[in-house]
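Chain residues, written in single-letter form:
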Amino acid sequence: MKPNSDVLRPVLIFLLLLILVGWGVLSWRVHENRRPLPVELRIVSATDADPVYREGARHLDFDEEVHLALAIRLEYPGRGHRWLAPVEDLEIDGSRIKDVVVSQTWPEEDRFLRAFWFTVESPFLGGVLQSKEDAQEKLALRPFLAPEMGHGLIPEREPDWHAEDDVDLGENLAPAPVGCYRLYAKIQLLRRPGSTHPLYALSSPGVEAVGGPGMLEISRDLPGDFGLDPAAGRVFRLPGFEAAEGSGLDPISWTRSLRAVSSKTFASMAIFAREEMGEPSREIPLRFSAGTFFGGSKPLRWGKDVSPRDLLRLGTHWIVLLKDDGNGILNTGDVVAQSWKRPPAVLHLETVFDPDEAPLRLIRRESLPE
């Protein structure tokens, strides 16, 4: 008996559709299983003089431009890995990456990348540290979102300072680019732009990596003609703390690791480009009256009695003289640099000098040991 064609035809069509659907599902699953996966994120930097993008710390001259980018390691299931970056010259963990997927976007058209940039800063800007426990709390770092950097693998610009601690920092005459900042980043892989439900999220080395080779750290010097040692620029944007007497704390180590400065370590950086300063061989007692500083009965004159990088000392408060206001006499209108329980700043002397703070001494640069 012949099979009924009216019955066989629908069965064959159904089987064919079943095969096609099964093949489609299988192909989709194979495609999904072969998609690259983001498994590692690094922040890298380069300069015109050193165009290879790499992690870690960079010390820059004042007018030296830095280029920042994110690099993502992609894992291809069963096929190894490659690095995705918006730059070609890339070095990770000290090894040059030869086969970079050079792109600012995800390598698949139906997936989208979104980046979030953060600064890594202390939320406390200054004060007096009483103990090691106090220092651990106040010098601890945390990430602050930096929306001004945008959402791309290449940021729109360098970051602002976000840890303000509800403190009015007031006048600060130092050039804006100087200082030290650290960066942290996150990326999200999305099905569509603007999605709030990422398929994958990944972070770069964060607070735990500070001081290590994986943390992006940029410090920039002052211009050579500014009046202070250029290396002092590196400690701008750091919090300013004093160690309480008997606390056993070491401000020199804070400054060396670019975590914080004290009044004395900042003064030492401003004069000698190092964190430690020896005791002066001579301190000259001064008198202050009507906004003017006197040595004996005569007002102190610039070029004769005082010079740039001489120091005023009020106990543990160190003030670095920078330049005259134009009248040739040391008075409160002159410009100085200091860090006193707050980040380093360049200001007019009248804003930081308190004649009742402690006995006032002048320390000439030549009386300090090299």
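We now turn to the structure provided with this report.

Turning our eyes to something else, we now look at the overall build of the protein chain. Each helix and strand counted, the protein chain has four helices and 23 strands in total. Out of the 370 residues in the protein chain, the part that is buried amounts to 47%. At a minimum sequence separation of 6, the contacts of the protein chain that also span at least 24 residues come to 63%. Total accessible area on the protein chain is roughly 18,700 Å²; 52% of this is exposed by carbon and sulfur atoms.

A few words now on the side chain of threonine 265. Mapping threonine 265 onto the fold places it in helix H4 (residues 263-272). Take threonine 265: its relative accessible area is 3%, and that puts it in the buried class. Beyond its immediate sequence surroundings of up to four residues, threonine 265 is in contact with Pro251, Ile252, Thr255, Arg274 and Glu275.

Where strand E3 (residues 66-76) meets strand E4 (residues 80-85), five bridges bridge the pair, whose relative direction is antiparallel. Across the sheet, arginine 73 pairs through a bridge with tryptophan 83, a residue of E4. A loop of three residues connects E3 with E4, the two strands running antiparallel in sequence, and glycine 78 in this loop sits at a positive phi of about 80 degrees. Alignment of E4 against strand E7 (residues 100-102), held across three bridges, turns out to be parallel. Residue pairing in the sheet places leucine 84 in a bridge with valine 101 of E7.

Here we take up the pairing of strand E17 (residues 292-295). In this structure, strand E16 (residues 287-289) lies alongside E17, joined through three bridges in antiparallel fashion. In the strand pairing of E17, phenylalanine 288 is matched with phenylalanine 293. Linkage of E16 to E17, two consecutive antiparallel strands, is achieved through a turn of two residues, within which alanine 290 is found at a positive phi near 50 degrees. Both E17 and strand E18 (residues 298-299) contribute to a ladder of two bridges, which runs antiparallel. Bridged to phenylalanine 294 within E18 is proline 299. The antiparallel pairing of E17 with E18 creates a hairpin that spans two residues between the two strands, and glycine 296 there sits at a positive phi of about 80 degrees.

Rules of the game
- Residues numbered from 1 in each chain as written.
- Predicted model: local features only at pLDDT ≥ 70, side-chain atom pairs only at ≥ 80, totals over all residues.
- Heavy atoms only, no water.
- Helix = DSSP H or I, 4+ residues; strand = E, 2+ residues; numbered from the N terminus.
- Buried < 20%, exposed > 50% of the residue type's maximum accessible area, 1.4 Å probe, protein only.
- Contact = heavy atoms within 4.5 Å.
- Areas by Shrake-Rupley, 256 points an atom, 1.4 Å probe, with all protein chains shown as cover.
- Pairing = 2+ DSSP bridges.

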